[in-house]
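Listed below are the residues making up each chain.
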Amino acid sequence: MGKPVFLSIAEKGLETFFILDYTLREIKGGVPMGKNVTIVQIAKECGVSVATVSRVLNGTAPVSEEKRRRIQETMARHHYSPNALARGLVNRQSMTLGVLIPDITNPYFSSMFTEFEAAAQAAGYSLLLCNTAFSANRAGERTKRETDYFRTMVDKRVDGVLIVGGQADLNAPGESYRAALRELADTLPVVVLGNPIPGINCRFLQRERGRGVFASVSYLSNLGHKRIAFVGGEDGVDITLERLAAYRQALAVLGLPEDEELVALSDYYAPDGFAAANRLLSRGTDFTAILAMNDNVAVGVYRALADAGLEIPRDVSVISCDQFFTAEYMVPRLSSVDQHNALFGQFVIKALLSAMEGGRENVLLRYDPELIIRESCMPPAQKENKENQTE
């Protein structure tokens, strides 16, 4: 057998066609078709040129109906389909989208990425994931890693870039980051999940984050809770600031007391929820319910309350603003807000594909999250009844 030839591109006028994964012997001598059928073999059996088969595959030029039918029947008989690399070469696309995420170990981002991947695959694209390990508390040292990945996106010739979180999610991104993002957006189609940054040619998608918070506070208020604490989330990050603003607005609308001693910010993980809840408890401020930033934070809250001898929901009710897979398996099962990440992931990928076709309009995505009521909340009055029953 001849030496493998992995790739050859031939150009004729404005048309480009491809030849992939065949051997020199196959080109010269016509080897019988085996499992890996090539475009050269399809063309030879049909008695047409490779360019004609390429036209049928890609619809780039007219082909007679008789030839088209013969080629399609031959491809069907041999179960032939061009691979993604071949299609990309013809269309001058890599069929790959770049995704930058600050922490793939965070269920918020990992579940979101899973939905991005499913939507991208349905559209025929693969994803290149870059985990930037960004934290607002270490923004200076992490910015370089993010901007290095911007250069990677260009080097890898991805067709479009999706940026989730990181510096883009800060209330005030640094100037070096802005400059790098501006350069990336001038080179590739870019969609950023976050608030618009003036002077940068990206498509910005804003996710409305207040409705789930308002629904949670309203539910707790309807149960009779008046002293509701807010725990978790990193200061200076848009998602934290927006949910905190929604929490305060809900208190004002519902006529509930607003007390800064009831707010304990930290970060988005279980140890942060544990530390924030302990800080809340150490203040000696009375509260009967906690609104946690997400399920991760709620895990830490559960531990801190248990260490303090407090029982959920008898002593303190707990709700999470963002449901992960853990809510159903906590004891008691955690009431949590379903942000419908599957729907969101589909919309984001469609927005990126649209940006690749020239769309640049910024979008504020509004939809109703769903508060899932489980076992972690009860009226504070019932707490007193239970205490009386145990005496």
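Structure's up top.
Report follows, based on the coordinates. From a predicted model like this one, the values you see are computed outputs, not experimental measurements.

1. Here we look at the nonpolar core
(1) Moving on: The biggest cluster of nonpolar side chains holds 73 residues, and the ones touching the most others in it are Phe 116, Leu 162, Leu 193, Val 217, Tyr 247, Ile 290 and Val 318.
(2) Moving on: Once you skip the residues sitting within four places of it in the chain, Val 318 turns out to touch Ile 290, Ala 298, Val 301, Tyr 302, Leu 305, Ile 312, Leu 334, Ser 335, Ser 376 and Cys 377.
(3) Moving on: In terms of nonpolar packing, the next biggest core, distinct from the first, is built from 20 residues, Leu 181, Val 190, Ile 197 and Ile 200 among them.

2. Concerning the pairing of strand E10 (residues 289-292)
(1) Moving on: Burial of the side chains of E10 extends over both faces: Ala 289 and Leu 291 are buried on one face and Ile 290 and Ala 292 on the other.
(2) Moving on: In this sheet, E10 lies alongside strand E8 (residues 228-231) in parallel orientation, the contact comprising four bridges. Across the sheet, the residue bridging to Ile 228 is Ala 289, located in E10.
(3) Moving on: Two strands pair when backbone bridges link them, and E10 and strand E11 (residues 317-320) are joined in this way by four bridges, in the parallel orientation. The residue of E11 that forms the bridge with Ala 289 is Ser 317.
(4) Moving on: Read as a crossover between parallel neighbours, the route from E10 over helix H12 (residues 295-307) to E11 is right-handed.

3. Quick look at the pattern of salt bridges
(1) Moving on: This structure, assessed with the given rule, holds 18 salt bridges.
(2) Moving on: The partner of Glu 242 in a salt bridge is Arg 209, and the shortest N-O contact between them spans 3.2 Å. Linking Glu 242 in helix H10 (residues 238-254) with Arg 209 in the loop between strand E7 (203-207) and helix H9 (211-223), this pair joins segments that are 33 residues apart in sequence.
(3) Moving on: The partner of Glu 375 in a salt bridge is Arg 333, and the shortest N-O contact between them spans 3.0 Å. Here the residue Glu 375 occupies a position in the loop between strand E14 (370-372) and helix H14 (380-390), and Arg 333 occupies one in the loop between E11 and strand E12 (335-338), the gap between them amounting to 42 residues.
(4) Moving on: We classify Arg 333 as partly exposed; its relative accessible area is 34%.

4. So, the packing of aromatic side chains
(1) Moving on: A complete count under the given rule lists three aromatic pairs for this structure.
(2) Moving on: Between the aromatic rings of Phe 150 and Tyr 177, the centroid separation amounts to 5.7 Å while the plane-to-plane angle is 55°, which identifies the pairing as tilted. Of this pair, Phe 150 sits in helix H7 (residues 139-155) while Tyr 177 sits in helix H8 (residues 175-185), placing them 27 residues apart in sequence.
(3) Moving on: Here Tyr 177 falls in the buried class, since its relative accessible area comes to 0%.
(4) Moving on: For the ring pair Phe 230 and Tyr 247, a centre distance of 5.3 Å and an interplane angle of 45° mean the geometry is tilted. Taken together, the residues span a long stretch of sequence, with Phe 230 in strand E8 and Tyr 247 in helix H10 at a distance of 17 residues. Here the two residues Phe 230 and Tyr 247 agree in accessibility, since each one is buried.

5. Quick notes on the sheet that holds E7
(1) Moving on: If you walk across this open sheet you meet the six strands as E4-E3-E5-E6-E7-E13, and the pairing is parallel. Of all strands in the sheet, those with a lone pairing partner are strand E4 (126-131) and strand E13 (363-365), marking the two edges. Direction aside, the axes of adjacent strands within the sheet are offset by 20° on average.

6. Points about unusual backbone geometry
(1) Moving on: Cis geometry marks the peptide bond from Ile 312 to Pro 313; its omega dihedral reads 0°.
(2) Moving on: Structurally, Pro 313 is set in the loop between H12 and E11.
(3) Moving on: Cis geometry marks the peptide bond from Val 331 to Pro 332, where omega comes out at -5°.
(4) Moving on: Along the polypeptide, Pro 332 turns up in the loop between E11 and E12.
(5) Moving on: The phi dihedral of Arg 157 is positive, around 55°, even though this residue is not glycine.
(6) Moving on: Taking relative accessible area as the criterion, Arg 157 reaches 66% and is therefore assigned exposed.
(7) Moving on: For His 340, which is not glycine, the phi dihedral falls at a positive 55°.
(8) Moving on: Mapped onto the secondary structure, His 340 falls in the loop between E12 and helix H13 (341-356).

7. Some remarks on the sheet that holds E14
(1) Moving on: Ordered in space as E9-E8-E10-E11-E12-E14, the six strands form an open sheet in which the pairing is mixed. If you trace the sheet from one side to the other, it starts and ends with strand E9 (263-264) and E14, each paired once.
(2) Moving on: Alignment of E12 against E14, held across three bridges, turns out to be antiparallel. Looking at E14, one finds that Ser 336 is bridged to Ile 372.
(3) Moving on: Strands in contact with H10 are E8, E9 and E10; relative to E8, the strand with the most contacts, it is inclined by about 175°.
(4) Moving on: Most of the contacts of helix H11 (residues 270-282) go to E8, to which it runs at about 140°, and overall it touches E8, E9 and E10.

Thresholds, definitions, all that
Residues numbered from 1 in each chain as written. Predicted model: local features only at pLDDT ≥ 70, side-chain atom pairs only at ≥ 80, totals over all residues. Heavy atoms only, no water. Core = buried A, V, L, I, M, F, W, Y, C linked by side-chain atoms within 4.5 Å. Buried < 20%, exposed > 50% of the residue type's maximum accessible area, 1.4 Å probe, protein only. Contact = heavy atoms within 4.5 Å. Helix = DSSP H or I, 4+ residues; strand = E, 2+ residues; numbered from the N terminus. Pairing = 2+ DSSP bridges. Right-handed = clockwise from strand over helix to strand, strands pointing away. Salt bridge = Lys/Arg side-chain N within 4 Å of Asp/Glu carboxyl O. Phe/Tyr/Trp six-rings, centres within 6.5 Å; stacked < 30°, edge-to-face > 60°. Axes fitted to C-alpha atoms, helices over the stretch in contact; angles between N-to-C directions.

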